[in-house]
Protein chains: 4
Amino acid sequence: MSERLFRMLDEEIDRTWAEIHAGPFWRHLLDKGMDRELYRIFMAQLWHYTQHNPINQSVAAWRVPPAKMGLLRYCFEHAEEELGHEKMIEHDLRVVDLLDGALDAPALPATTALIGYLYSVGLMDGAIARLGYSYWAEDAYPHITDLLGHMRTDLGLTDREMSFFVAHAEIDAKHSDEVKEQIARWADTPEDEQAVLKVARTSLWLTGQLLDASLHAYLARS
Amino acid sequence: MSERLFRMLDEEIDRTWAEIHAGPFWRHLLDKGMDRELYRIFMAQLWHYTQHNPINQSVAAWRVPPAKMGLLRYCFEHAEEELGHEKMIEHDLRVVDLLDGALDAPALPATTALIGYLYSVGLMDGAIARLGYSYWAEDAYPHITDLLGHMRTDLGLTDREMSFFVAHAEIDAKHSDEVKEQIARWADTPEDEQAVLKVARTSLWLTGQLLDASLHAYLARS
Amino acid sequence: MSERLFRMLDEEIDRTWAEIHAGPFWRHLLDKGMDRELYRIFMAQLWHYTQHNPINQSVAAWRVPPAKMGLLRYCFEHAEEELGHEKMIEHDLRVVDLLDGALDAPALPATTALIGYLYSVGLMDGAIARLGYSYWAEDAYPHITDLLGHMRTDLGLTDREMSFFVAHAEIDAKHSDEVKEQIARWADTPEDEQAVLKVARTSLWLTGQLLDASLHAYLARS
Amino acid sequence: MSERLFRMLDEEIDRTWAEIHAGPFWRHLLDKGMDRELYRIFMAQLWHYTQHNPINQSVAAWRVPPAKMGLLRYCFEHAEEELGHEKMIEHDLRVVDLLDGALDAPALPATTALIGYLYSVGLMDGAIARLGYSYWAEDAYPHITDLLGHMRTDLGLTDREMSFFVAHAEIDAKHSDEVKEQIARWADTPEDEQAVLKVARTSLWLTGQLLDASLHAYLARS
C-alpha cells in the first residue's frame, strides 16, 4: 500500500525538481557556471536554515502518542543526527577562505519562510507529516549532480572541501531507507498520506526558492 | 523613534511590491489582462490562506506578558475583525458564477508556505513581530490598483462584486492606523524592530509568490 | 444529548466542590473564620493565575478548524471579556489597605501548576476541552457562599469592596449560558465529552489546591 | 556560582520531600504499610505520566538557540533514554499478577495536572527550566527508601520485580551527574535560576499530590 504513496511522492518530487532545474538558479548554473561569490551566498542561506533542522525534528514528537514508540525513537535519533550539520558548511567555507563575514548575510525571505514553515510542520502537522520533508532531503543527491559538478570544475573543490554535500550523500543512503521504513510503518491513513505529500512538495518548492533568491541576491550585489 | 522604523518598513515594503510588480503575475496582468479563470484561481488561493488569519492572530497573544493589556486587547479584537473574511471571497465568486468547484483547488505550495509561515510567526515570533504582516496587509490598496483596475475593466466587476477587496480598503484605513499605533507603542527594542521588518518582508514576499504561483497554475492548466 | 454531558459535568463538579468544602481551607474558614492576612494571601494567588486566563483562552483557538467560526468568535470574545480581571483583585486589596506588597508574594506550587495546566489545555487540548474549565468557573458562586459570607461578616467587606467576586457573579450568569451553548454546540464526540469532563475536574481540583496551599502558607507564616 | 543554585535547589527539594513525608500517603505507608491494591493504584498513576516524559523533554528543545548545541544534544539523548520507562511499570505489575485491568484506571486529577504541567514546562519554560524537574527526579532514591522498604517487606518484591525503581536508581546516578553538568553550564542568568527552582518545586509538589491522590482513591474504593 505504501508503494502507491512512494510512487506519488516520487512523482511530486521529480516534478518539483524539474521546476527547480528550469528555474533561474539552475539555468544560471548551466549557462554561466558557479563562482566563489554565488557559492558563498547560497551556502550562507543553507547554513541559516540547516541549524534549525534538529530542533523542528525534535518538536515534531509533540503530538505523537506515547504508544508509537518507534516513531518517537526515530524523532529523537534523527534530531541528534541532524545536529551540527551547519558546522560542515562553516568548515567548507573556511577551507576555501570564504567564511569571513559570509554568515553575517541575513536570511533571505525565502530562507526565513523555509525556516518558519518547517517549524510549523513540526508544531502543527507533526512527525508523520515531517517525513515528507526528510523523504526528498535524504535523497537529494541524484538531483544535484549538476551543482556538485560545477562546484568541482568551476571552483576546483575536492570532496574534503565539500563535506556538507559529500558527507550527506553517504549518511543519507542510510537515512533514506529509515525514512521510507518510517513512512511505510506510520503513514497509514489518507490524511497522513496527504500530509506527507504536502510537506514534501512545499518544503522542496521553498528550497528551490532559496536557490533562486540566492542567485537574485548575487545578481543584485554589484 | 518609531518614525525611523516606519521609514524602514515603508522602504522594505515598497521594494518588495516593486519586485511583485516586476514578476510574472503582474507582467501578465499588464500585458494580457485578467480573465475569469485566472481570477478564479488566485481568489481560491487567497481563500485558503485568509481563513487562518484570525487564528494565527489569536495565537500570537501566547507570550505577551499579561501586563501588556493593550497589546492583548489588540490581538483579540483584531482576531475577531479578521473572522469570516473568506466568506467575502466566496460571495464574490458566487455572484459572478465562479464559485462552483473553485475552492476544491488545493492550496499551492506558495499558499501552504504562507499559511505555515504565519502560524510560525504567531507561535514563535509573537504579537509584536506579527504587526509587520498587518502593517503592509492593512495598507495594500495603493499597490494593487492595477489589479483592481483590470478586475473592473476586463471582468466587468462592480464594487459590490469585489466585496473582499473593496470592503477591505474601507476597513483597512482604520486598521492601518491601529497597526501603526501598536507598533509605535510596543516595538521598542532593536530585536522587536528587526522582527517586525523580517515578518513584513517575508510575508509580503510569500504573497507575491502566491500570485506568481496562481499564474503558473493558470498557464499550466490546458 | 448534551443533557447527559451536563449531568455528568454537574456530578463531577459537585463532587469536587464537596471535596474542597471538606478540605483544610474550607474547614478553617468555617471553624476559625477569615482574617485579613489569609484574605490577602489567597487573593494574591488568585491574582497570579487570573491574569493568564485571557491568554490561554486566546491560544485555545489554535487548532479550531476555520469553519467552526462560532467557536472561534467565542474564543476571541471570551478572551477579551477575561481581560483585566486581575485589576479587580488589585482594587479590592487596595480599598482595604492590603495591596501594599501583597502581589510580591510568589505563586505557590499549586498556583504555578494551575497556570501551567491551563496553558497546556489551551495549547494541547483546545477550545472545546477548555469549556470544561469555563463551565464550573462561570458558575462558581453558589459554591462559595460561605467564603463570601465570611468575607462580609469577618472582614466587614461591602459589595463594592469585593468587586472581583461580585462583578463576576453578575457577569457570569450571562457567561454561564454562553458556555453551555458552546458545549451543546461543539462537544459532539465521546472524545470531546471526555476532554471537557477531564478539564473541568482537573482545573477545579487545582483551584481547591490553590486554596489549601494558601491556608498552608498562612499557617506557616509565623 | 552554580554551587549556590544547587544549594537552593537542595533546600527546596528537601523541604518539599519533607512535606510529602508528612502527608497522607507517606503516613499511611509508615502506619499501615503497603498492600497490593495501593501498589497497583499508584503504579498505574506513575504509568500514566511516565510515558509523556520523553515527549515533553523532546519538545523542550523548541526555543533553544541552535548555537547551544550541547543543550540540544542533552535534550535529544535524554528524551531517548526516557523512552519506554512505562514498560518497566507494566513488567513490574505483570510479574506479580497485577497488570490485568490496572492501566484502565483513568489518570487522577493530580496526575493529569502533572502531565499537563510538564508539557507547559517543555513548551513555555524550555529546556533549561525543565532541568529543575530532572534534578530531583534523577536523584529521588534517597527520599523513597521507606517506600521501597515497604514494597520489599510488605509485598515481598525482589529487585527484579521492582525494575522501574531499581533500574532507575542505577541509571539515575549517571543521569544525575549529567543534569548537574547541564545546569552548571546553561542556567546562567537569575531568570534561568528562578525558572529551574520553580519547576523543581512545582513538579515535585505535584508528584506528592499524585501519591496522596492515589491513597485517596485507594481509601475511597470500598
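Here the structure is a predicted model, which is why all the values come from computation and not from measurement.

Definitions and cut-offs
Residues numbered from 1 in each chain as written. Chains lettered and ligands numbered in written order. Predicted model: local features only at pLDDT ≥ 70, side-chain atom pairs only at ≥ 80, totals over all residues. Heavy atoms only, no water. Helix = DSSP H or I, 4+ residues; strand = E, 2+ residues; numbered from the N terminus. Rg over C-alpha atoms; globule rule 2.2 N^0.38 Å. Buried < 20%, exposed > 50% of the residue type's maximum accessible area, 1.4 Å probe, protein only. Contact = heavy atoms within 4.5 Å. Areas by Shrake-Rupley, 256 points an atom, 1.4 Å probe, with all protein chains shown as cover. Lys, Arg positive; Asp, Glu negative; His and termini not counted. Charge placed at Lys NZ, Arg CZ, Asp CG, Glu CD. Least-squares fit on C-alpha atoms with pLDDT ≥ 70 in both. Expected span 1.5 Å × (residues − 1). Buried area = accessible area lost by both parts, 1.4 Å probe. Salt bridge = Lys/Arg side-chain N within 4 Å of Asp/Glu carboxyl O. Axes fitted to C-alpha atoms, helices over the stretch in contact; angles between N-to-C directions. Parallel < 35°, antiparallel > 145°, perpendicular 65-115°, else oblique. Left-handed = near helix turned anticlockwise from the far one by under 90°. Phe/Tyr/Trp six-rings, centres within 6.5 Å; stacked < 30°, edge-to-face > 60°. pLDDT = per-residue confidence, 0-100. Disulfide = S-S within 2.5 Å.

Participant: How would you sum up the overall build of chain A? Please name residues and give values.
Facilitator: Looking only at helices and strands, chain A has ten helices and zero strands in total. Counting from the amino terminus, helix and strand elements in chain A follow one another as α-α-α-α-α-α-α-α-α-α. What you see for chain A is a C-alpha radius of gyration of 17 Å, in line with the 17 Å of a compact globule of 222 residues. Oriented by its inertia axes, the alpha-carbon framework of chain A measures out at about 55 × 30 × 30 Å. By the burial criterion, 63% of the 222 residues in chain A qualify as buried. Across chain A, the fraction of contacts at a sequence separation of at least 24, relative to all contacts at a separation of at least 6, is 86%. Here chain A has roughly 8,700 Å² of accessible surface; of this, 52% comes from carbon and sulfur atoms. Charged side chains of chain A number 21 positive and 36 negative; the gap between the two group centres comes to 3 Å.

Participant: Requested: an account of the relation of the copies chain C and chain D, with residues and values cited.
Facilitator: Overlaying chain C with chain D gives an RMSD of 0.0 Å, the required rotation being 180° about an axis along which the chain moves by 0.0 Å. Both chain copies can therefore be described as sitting about a two-fold axis.

Participant: Got a sec to walk through helix H3 (residues 36-50) of chain D? Specific residues and values, please.
Facilitator: With 15 residues, H3 of chain D should cover 21 Å at 1.5 Å per step; its first-to-last C-alpha distance of 20 Å lies within 8% of that length. Looking at H3 of chain D, one finds that the buried residues are Leu 38, Tyr 39, Ile 41, Phe 42, Met 43, Ala 44, Gln 45, Leu 46, Trp 47, His 48, Tyr 49 and Thr 50 of chain D.

Participant: Could you give an account of the side chain of Ser 176 of chain D, with specific residues and numbers?
Facilitator: Residue and element names in this part refer to chain D. Mapped onto the elements, Ser 176 comes out in helix H9 (residues 163-186). Among the residues examined, Ser 176 registers a relative accessible area of 13% and is labelled buried. Other than its neighbours up to four places away in sequence, Ser 176 contacts Glu 138 and Asp 139.

Participant: Explain the relation of the copies chain D and chain A to me, using residue names and the numbers behind them.
Facilitator: Taken as rigid bodies, chain D and chain A are interconverted by a rotation of 180° and an axial shift of 0.0 Å, the fit giving an RMSD of 0.0 Å. Mapped onto chain A, 100% of the interface residues of chain D again fall at the interface, so both copies present the same surface.

Participant: Any chance you could break down the side chain of Arg 201 of chain A for me, citing the residues and the numbers?
Facilitator: You can see Arg 201 of chain A is positioned in helix H10 (residues 190-220). The contacts of Arg 201 of chain A, once residues within four sequence positions are left out, are Glu 12 and Thr 16 of chain A together with Pro 109 of chain B.

Participant: Now, about the environment of Asp 172 of chain A: what can you tell me, with residues and values included?
Facilitator: All names here are of chain A. Note that Asp 172 resides in helix H9 (residues 163-186). Overall, Asp 172 belongs to the buried group, its relative accessible area being 1%. In this structure, the C-alpha to C-alpha distance between Asp 172 and Glu 138, residues 34 residues apart in sequence, is 4.9 Å. Residues in contact with Asp 172, not counting those within four places in the same chain, are Ala 137, Glu 138 and Tyr 141.

Participant: Please provide a residue-by-residue account of the interface of chain C and chain D, values included.
Facilitator: Contact residues are listed per partner, giving 18 residues for chain C and 18 residues for chain D. Taken together, the two surfaces of chain C and chain D that pack against each other cover about 1,500 Å², and 80% of this comes from carbon and sulfur. It is Pro 109, Thr 112 and Trp 205 of chain C that lose the most area in chain C upon contact with chain D, and together they represent 31% of the buried surface on that side. Where chain C meets chain D, there are zero salt bridges.

Participant: Break down the packing of H3 of chain D against helix H6 (residues 85-95) of chain D for me, citing the residues and quoting the values.
Facilitator: Residue and element names in this part refer to chain D. Closest axis-to-axis distance for the H3/H6 pair is 8 Å, and the angle between their directions is 160°. The orientation of H3 with respect to H6, classified from their angle, is roughly antiparallel. Once H3 is placed against H6, the crossing between them reads as left-handed. Within the contact between the two elements, H3 uses Tyr 39, Arg 40, Met 43, Leu 46, Trp 47 and Thr 50 and H6 uses His 85, Glu 86, Ile 89, Glu 90, Asp 92 and Leu 93.

Participant: Let's hear about the packing of aromatic side chains: which residues, and what values?
Facilitator: In the structure shown here, the tally under the stated rule is 30 aromatic pairs over all chains. Arranged with centres 5.6 Å apart and planes meeting at 80°, the rings of Phe 25 of chain A and Phe 42 of chain A form a pair that is edge-to-face. Of this pair, Phe 25 of chain A sits in helix H2 (residues 24-32) while Phe 42 of chain A is found in helix H3 (residues 36-50), placing the two residues 17 residues apart along the sequence. Residue Phe 42 of chain A is classed as buried on the basis of its relative accessible area of 0%. A centroid spacing of 5.6 Å and a plane angle of 40° characterise the contact between Trp 62 of chain A and Trp 62 of chain C, whose relative ring orientation is tilted. One end of the pair, Trp 62 of chain A, is in the loop between helix H4 (53-59) and helix H5 (69-81); the other, Trp 62 of chain C, is in the loop between helix H4 (53-59) and helix H5 (69-81), on a second chain.

Participant: Help me get a handle on the interface of chain D and chain A, residues and values and all.
Facilitator: With 23 residues of chain D in contact, the opposing surface of chain A contributes 23 residues. With both chains or domains summed, chain D and chain A bury close to 2,100 Å², and 73% of this area falls on carbon and sulfur atoms. Counting the surface chain D buries against chain A, the share from its top three residues, Trp 62, Phe 76 and Leu 83 of chain D, is 30%. Applying the counting rule to chain D against chain A returns two salt bridges. Taking the shortest distance from any N to any O, the salt bridge between Arg 73 of chain D and Glu 80 of chain A comes out at 3.6 Å.

Participant: Describe the packing of H3 of chain A against helix H7 (residues 109-137) of chain A, with residues and values.
Facilitator: All names here are of chain A. Packing of H3 against H7 leaves a shortest axis separation of 10 Å and a crossing angle of 45°. Classified by the interaxial angle, the pair formed by H3 and H7 is oblique. Between H3 and H7 lies a crossing whose hand is right-handed. Side by side, H3 and H7 meet where Gln 45, His 48 and Tyr 49 of the first sit next to Thr 111, Leu 114, Ile 115, Leu 118 and Tyr 133 of the second.

Participant: Account for the confidence of the model for chain A, naming residues and giving values.
Facilitator: Per-residue pLDDT for chain A averages 96, and the proportion of residues at 70 or more is 99%. Model confidence for the complex: the whole-complex pTM is 0.97, and ipTM, which rates the interface, is 0.96.

Participant: Hey, could you go over the pattern of salt bridges for me, with residue numbers and the actual values?
Facilitator: Applying the stated criterion across every chain yields a total of 36 salt bridges over all chains. Of the charged contacts in the structure, one is a salt bridge between Glu 81 of chain B and Lys 174 of chain B, with a shortest N-O distance of 3.4 Å. Separated by 93 residues along the polypeptide, Glu 81 of chain B in helix H5 (residues 69-81) and Lys 174 of chain B in helix H9 (residues 163-186) bring together distant segments of the chain. A residue is classified by how much of its surface remains accessible, and Glu 81 of chain B, at 29% relative accessible area, is partly exposed. Residues Glu 193 of chain D and Arg 4 of chain D are paired through a salt bridge, measuring 3.0 Å at the closest nitrogen-oxygen approach. Placement of Glu 193 of chain D in helix H10 (residues 190-220) and of Arg 4 of chain D in helix H1 (residues 2-21) is noted, with a sequence separation of 189 residues between them.

Participant: A description of the environment of Asp 177 of chain C should follow, citing residues and the corresponding values.
Facilitator: Residues and elements named next belong to chain C. Position of Asp 177 relative to the elements: it lies in helix H9 (residues 163-186). You can call Asp 177 exposed: its relative accessible area is 52%. Here the alpha-carbon distance between Asp 177 and Gln 194, two residues 17 residues apart in the chain, equals 21 Å.

Participant: Tell me what's going on with H1 of chain D, and back it up with residues and numbers.
Facilitator: Between its first and last C-alpha, H1 of chain D extends 28 Å over 20 residues, near the 28 Å set by a 1.5 Å rise per residue. Check the buried side of H1 of chain D and you find it contacts helix H2 (24-32), helix H7 (109-137), H9 and H10 of chain D.

Participant: Can you break down the state of the cysteines residue by residue, with the values?
Facilitator: One pass over the full model with this rule turns up zero disulfides over all chains. Cys 75 of chain B takes part in no disulfide bond, and the closest cysteine sulfur to it belongs to Cys 75 of chain C, at a distance of 14 Å. On the basis of relative accessible area, Cys 75 of chain B is assigned to the buried category, the value being 1%.

Participant: How would you summarise unusual backbone geometry if you had to cite specific residues and measurements?
Facilitator: Residues other than glycine predominantly adopt negative phi, and peptide bonds predominantly adopt the trans conformation. All names here are of chain A. Phi is positive for Asp 97, which is not a glycine, with a value near 60°. In this fold, Asp 97 is placed in the loop between helix H6 (85-95) and H7. According to the relative accessible area criterion, Asp 97 is exposed, its value standing at 68%.

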